[in-house]
Amino acid sequence: MYGEWVSLIGNEPTGDRLSVLERLPLDSAKDVVLPVARHIVSTLGISQPPAPSPFATDPEVEWCMQVVCYGLSLELTEHDIIKDCVSIYCEWLSCLTPSPKLSVPKPIVERPNFYARKMINHLYHLFTPRKGEGQDTINRQAVFCHRVLRILQNIMKTSGILDSDTWECVLLFLISISDAILSPPTSEIGDQLCERVLSVLFEMWLLACGKCFPSPSLWKTLRDSCQSWRHRPNLFEQWNRINLILAGRVLTIMYGSDYIKLEEPGSDLVPEGMSNDCVVQTWFRFLHCVGNPVELTQPTIISQTQSFLQYAIASQDVVDPCQHPCLSILPSIFHQAIRGISAVVDAFLGLPRTSILGIPTGRSKDNLLPLIQTSVSSTQSQSTNQSTTSSTSGSSSILSVEMSPGSTRPAPAAARPKINSILHLFGPWLFEASLVSYDTSFVGDTRRTSRGSVPAALPENIDIPNAITIDKYYQGRAEALGILCRIFSSKKTGEEILPAYLARFYITIRKGLKDSRSEVLGAILSNSWNLMRVDMDGVSMLVPILVSALETVLPNKENLKGDLRRSAIQLLLSILPLPLHFMNLPLKEVTDRNGQGMTFLQLKPRLANLLINTLQTETDSANVQMLLGGLIMFVMDTAAYEETDRASLNLGMESPTNLLSSENTSMRSASEYSNSFDEHMMGLSDPSDGQFDSAHALFVRATYLVCHRLISTWKVDLPVSLAALELLNGLARTKVHDQDALECRRAVKWICDFIIHQCSRPPPAHSKDLHSSIVAAFQCLTTWLTEHPYLLEDKDSLCTVLEVVEYGISGTKSQGKPGEALKLKDEKELKPVSLRVRDSAEALLTVIFEQVGRYTPNNGVKTSSLVDEFVLLNQLTNKSSNAGLSREEIVNYFRYFVIDGTILLGLLEDPLENEQNPQPTVTAILRCPTGRHAWNLHLRHMPRHKEKSFSSNLSNPGRPLPMNDIGVYHEIEHRYFPESTDRIIQCKADNAIPTWEAISSTIPGGQDSYEDSRLSMILENQIQDEKKIANKILEEFDEIYTNLRTECVPPPMSQNFQTARLLLSHLGLISFQNRLDSGVGAPPKLVPIDSHHVEFLSELDSLDSTSCRTCDTVHIFYVRAGQRKPDEILSNVESKNTSHPHFLEFLLSLGWPVAVAHHAGWTGKTNTNLKGSKTTKENAKTFPVKKEMPKSVHNRNEEPVQNENHGGSLYNGDTEILYWVDVTSEIAFIVPTGKSELDINKVLWNVSNASTGGTAKSTVPPGPMDRSNSVGKDEDKPPRPTQPLLHSKSLESNTAERFVQHLQNLEKEHLEEANRMKKIQAGKTRDTKIFVVWLESFEDSFAFPANELLGYTYTGLENSVLTEPSLIIFIHALRNGLFRIHLEGPSLRMGLATPMIDGMVVSRRILGNLVRQTSLNMARRKRLENDNFQPPHVRRKQKIQEILYKFPLVMSEPEFYAHFYQKPTSSEQGEKFQHQQLSGYHPFNEYEVDLTKGVKV
């Protein structure tokens, strides 16, 4: 750079530094200096007031300066003289300041620059090292030097009259004194002043660059001088500091002030008025002022200075200059220099780093444990200690930022420079430094000696100190490798890197990974977490050596903690999908000349063993969660691959080893990892039975390990236990070929044991986290039983599960410890662990009875019937009589009862159509905590197989055949008693009661006679009445049967059965004894409900709208490269041309496309989920309701025209969504488009808080679905339309009056909808927003406008303002066909959900499944964290109890039984109830119902 310029060191004129007094004897010169100096000092105002200087002419001043110059050169023993001389010049240098002091001579004031240069040159003598001085005198000299430097520094900063010659003189003076102090190998004054002199030199140089840019000769002088000081560690400390400060200014110029913030002391050293070009030039020149830092590894170059040569000549022990003891710290200095470069590189990448002042001169090994136990000689240990003596203890490392568990690494800045540009600046140094000490057997420019490796340039007969052998520079080499890994890992999407740089990088990394030293291997792995997921060309060639390095690091319990292990696990997660993705693609070694290498598929067993063994030894919570996510992904990927290509998959033949083998020499065996599983427990006792690296083997090992660790060590860590249970959930849903039922039963048994163990912990250990893990375990158990219903066919499994359910509900077991008596369930006192645990156990019990064996994973299961009252009444026999009924009138056809306070029973007694044989029929609609169910019951008196013969008896038997033999007619006298009674002899007792005839004959007239006659008249009247009735019947009979020969016709069958009474009576619910058994203080088991109440229908709709499963919504966005605005992002899915070809495939893998208009489940939005079934919406036409539902601006009943060329916009929630469901959860996947046909708020409502009377402004950006305040404080007062909307073109209206009337109608409908939604939202989780973002460029994830898109993701369940999504899953498609995952979200106490992990790379075949499971698990974790969340079955139970409390029919016993004989359409009871309410009568005063019983508080 300065080849054409000459250095000024050694060429500066020395005449200005000489004094005429040097020609006199020493004593005579002293006699001159002493009185002159004292006299001048007396006028300076130090001990007395200052006085004007007596020197008025230039010769006088020059003579005095000659005297002072000589005084500064005296020995340090003349302390007083030197002190006076220093004081004189320090005062006289004030001539350069705006206000010189009074004692400054007039000639100096008149020519300040001229005399200042002379004084500065004379001060050189003060800094010259003296030989043979004691430590005390040297300390005094250091004090004088500090004073001069301080005065000079202050004057240069404040002076405004300095000319270029003075600036050059000052800079050259600073270089000269620095060279005099620092260039000698050893100097006591140099050790004291080294840092101070260098800091003043560099700071004054920066100041000069801003005011008077130094000449090339000065830059050449600075560079040559600095290269002669490289054995001083303080040089690189100051060099690093100045480089980082200037780099910060350069980055501010290039990328703005927000690019990076460097919290460096002295960052204001750069002058304010310094131009941008000057800053860049200064930074670049400073960067190269010390030469190539790699030369620090060559002592022969560092020691080739005049001072070292003089020392070698004068010393008897030093043969060569490189043997000087001061060079023993060169490895530490080299490390320090490379770390300074690392800080600058990180600044360019935009990575936040620790302060450069924290860079020590050496690195302590206290926090580094060796990866491989190697023998270290005592001499090596001594040299290592010697090389690190100058290190700063307690200083922070800049190699990498230590992360707390669960935190994520800092990401490079999105606007960072290209990799090629950074390598153009630092590449030559870094590549050379990374090969300094890689392996001495391959180094061409080194040779082996008895003391280690030394540079080959050294003579053969020189005994090199052990501290400077080439293998001692491994720490600097490790730092260089780490920098290179960070540089290449920060590659942008689509960025091209020069092939030369890639080739050099791959070679250095391969050599570094083969190094046995922990620092080198650790530096590579700590900074390569992103290496395999940035689409670098040819990076797959590093996979085998990376796997070998990971096998060295991860399974070792004595390994480094924290950052290294986390980075290694991240690297492992990015390698896991490669074997099944590239299959038999060969991996060739760079040095393999035969061309025979392994294939990707052969790495799969090694990766599986590595993953399992690492998980077994890992103790860090965050690392365990990452490994669990990788394990379930690995199992699912293998199972999905075998499912799609089972015929061609033959891993057992293609793999040289297997998961259980320990004979592979290319990897660590299981015994080395202290990891041996029982093959019998794993179900693989015979290795020849199947494939060892199949999904089945992975399933077995994962299940065994996770269940074992879950019970033994992970049970106290909530995030880890939740991740383990989520893994077991994923395993339950994974379809594995030839799955062993025994392993599934063991998994269920382990989960049950986990629940029992957690519930059995002592009371002090019980907490919310503990109960959350138990609830998650019950949910996991539900998944296993529904996915594997055959498990309950096993008696032991059934008993185990039911025992756990019993324990969760009651808090105790029926069968206690051995020897304890059996405790029956009715004898228990219900003391569950917590209400949440009890609710979870009840939910599991319900699933066992209702869903196990019924659930189909492909299409889910309908937990609620689509049939309701309106559908049933449409099927009545007399359909015309029911036309035009309102919904309230339809409900009155049913009888409603609440059974046990948990079941709402609606009974319809009218027979349905298409019944050939009318029978006693009742249709029941049961609304229970688990859903709505419709049953049609018939009363039968014989089995179905005899139905034919039974029906023939009811038909006409036909005319009988005539019979000629009519037989003999016999007259028979009918008797009241048998004839044998006449033969019995009577006794007096028989006549104890006389006959009426005997009494009447013996009684004379009177009252008794009157009674007798009266009784006779009654008898005669009765006889006459009976005769009249008989005659009337005969007359009717004669009218029907005019001909006595007419055949008999059976009476018509009864059409009126009081089936409700029959059914409830048969169930024993209306017996008198059953009503008495209810007990005091509790309502009867059967309570009739008043369906005539005006609010009953709304409560019924609210109950039906309360889902029996958890409802979640996931919004999916597609972001093209460089997009930042929401409108641009939302428009990408309108066409296939603006989206990735795999995007639609990914969408369809999330769930099933369903039409919103005909969908019975959750649709993702409450305004499209009004009724929830096709039949209900169709019946709105057959039975028009009195209150119409809110209508859209567009006609929603028309079938929309589907756009076949869409890019995902079809699933925006207007017409279709993507839907997935299981027995406990349902998810709606919606692709927002920015325009919604159902969104009337965008046209009609002002969404600001001011419209609703609020004072605080919403932080959510206004979006088309922003109704954050529609159901809030002022639900009863919906927002008014703003005035400008009167001119809206979205609604065509002839007049403004019609438009205002239309708005008023919509306002009324909006109020009704708000009230309805208020009831539906009770107890639901409203703050879970999950985004899935497909990225074309990964850098767009750092600028994704999540907050601005919140307004487009309105679901109707929000009751609070959200500032950010709960989870954002970024998906970036790599060029190799895999997908990179990035997760963002606010920190949770339970952590982010699995199986997806931030930084994971997944295959295409399981991408949708992983996204769905992660979203579902995240929603579950949010519900576990929400204290106010209530499970769906609890909310429905509360709704039923609210109906029981609000609408009971309280009747006496006769009224209760007579109620069943009345038609349900009668409104007498309803009127009675309303009258009781108005009169203040409370219907439950009779029962004293405890409504809180069974309800979660």
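What counts and how
- Residues numbered from 1 in each chain as written.
- Predicted model: local features only at pLDDT ≥ 70, side-chain atom pairs only at ≥ 80, totals over all residues.
- Heavy atoms only, no water.
- Helix = DSSP H or I, 4+ residues; strand = E, 2+ residues; numbered from the N terminus.
- Buried < 20%, exposed > 50% of the residue type's maximum accessible area, 1.4 Å probe, protein only.
- Contact = heavy atoms within 4.5 Å.
- Areas by Shrake-Rupley, 256 points an atom, 1.4 Å probe, with all protein chains shown as cover.
- Core = buried A, V, L, I, M, F, W, Y, C linked by side-chain atoms within 4.5 Å.
- Expected span 1.5 Å × (residues − 1).
- Pairing = 2+ DSSP bridges.
- Axes fitted to C-alpha atoms, helices over the stretch in contact; angles between N-to-C directions.

Caption draft 1: Highlighting the overall build of the chain. Secondary structure assignment for the chain yields 50 helices and 17 strands. Within the chain, the proportion of its 1497 residues that are buried is 53%. A sequence separation of at least 24 residues applies to 76% of the contacts in the chain between residues at least 6 apart. As displayed, the chain offers around 68,900 Å² of accessible surface, 53% of which is attributable to carbon and sulfur atoms.

Caption draft 2: Just the nonpolar core, in detail. Judged by nonpolar contacts, the single largest core of 300 residues is most densely connected at Trp92, Phe488, Leu728, Trp784 and Phe1146. The greatest single-element share of this core, amounting to 14 residues, is contributed by helix H9 (residues 188-211). Those residues within four positions of leucine 728 in sequence are excluded, and the remaining contacts are Val706, Cys707, Leu710, Ile751, Cys780 and Trp784. Of all hydrophobic cores here, the second largest spans 23 residues; its members include Ile890, Tyr893, Tyr896 and Ile1443.

Caption draft 3: Structural context of the environment of threonine 43. Relative to the helices and strands, threonine 43 resides in the loop between helix H1 (26-42) and helix H2 (58-72). Excluding residues that lie within four positions of it along the chain, threonine 43 makes contacts with Pro50, Ala51 and Ser103.

Caption draft 4: Structural context of the side chain of glutamine 141. Turning to its location among the elements, glutamine 141 is positioned in helix H7 (residues 135-158). With a relative accessible area of 2%, glutamine 141 lands in the buried category.

Caption draft 5: Here's a closer look at helix H47 (residues 1407-1425). Its 19 residues place the ends of H47 27 Å apart at the C-alpha level, agreeing with the 27 Å of an ideal helix rising 1.5 Å per residue. H47 sits mainly inside the fold: 17 of its 19 residues count as buried.

Caption draft 6: Here's a closer look at the sheet that holds strand S11 (residues 1152-1155). Taken in spatial order, the eight strands make up an open sheet running S11-S12-S13-S10-S14-S15-S16-S17, and their pairing is mixed. Here the strands that pair on one side only, and so sit at the sheet edges, are S11 and strand S17 (1401-1402). Lying on the sheet, helix H42 (residues 1141-1148) is in contact with strand S10 (1110-1119), S11, strand S12 (1216-1221), strand S14 (1330-1335), strand S15 (1367-1373) and strand S16 (1379-1384); it crosses S10 at an angle near 175°.

Caption draft 7: How the structure looks around unusual backbone geometry. Here the bond from threonine 1394 into proline 1395 is cis, since omega is 15°, no more than 30 degrees from zero. By secondary structure assignment, the location of proline 1395 is in the loop between S16 and S17. Positive phi, normally seen in glycine, also occurs at aspartate 535, with a value near 60°. The topology assignment puts aspartate 535 in the loop between helix H20 (518-526) and helix H21 (543-553). Its relative accessible area of 14% is what places aspartate 535 among the buried residues. Positive phi, normally seen in glycine, also occurs at aspartate 900, with a value near 55°. Among the structural elements, aspartate 900 can be located in the loop between strand S5 (895-899) and strand S6 (903-908). Judged by its relative accessible area of 47%, aspartate 900 is partly exposed.

Caption draft 8: Region of interest: the environment of arginine 1421. Along the chain, the position of arginine 1421 falls in helix H47. For the pair arginine 1421 and proline 719, spaced 702 residues apart in sequence, the C-alpha to C-alpha distance is 9.6 Å. Here arginine 1421 is in contact with Gln625, Pro719, Leu722, Ala723, Glu726, Met1390, Gly1391, Leu1392, Ala1393 and Thr1394, once residues within four sequence places are set aside.

Caption draft 9: Up close: the pairing of S15. A large share of S15 lies buried, amounting to seven of its seven residues. Of the two faces of S15, the one carrying Leu1367, Ile1369, Ile1371 and Ala1373 and the one carrying Ile1368, Phe1370 and His1372 are both buried. The pairing of S15 with S16 spans six bridges and is antiparallel. Looking at the pairing, alanine 1373 lines up with phenylalanine 1379 of S16. In sequence, S15 turns back onto S16 through a hairpin of five residues, with glycine 1377 there showing a positive phi of about 95°.

Caption draft 10: Structural detail: the sheet that holds strand S8 (residues 931-938). Judged by pairing direction, the sheet is antiparallel, and its five strands sit side by side in the order S8-S7-S6-S5-S9 without closing on themselves. Of all strands in the sheet, those with a lone pairing partner are S8 and strand S9 (1086-1089), marking the two edges. Neighbour to neighbour, the strand axes of the sheet diverge by 25° on average, direction disregarded. In this structure, S5 lies alongside S9, joined through four bridges in antiparallel fashion. Bridge pairing in S9 links isoleucine 899 to leucine 1086.

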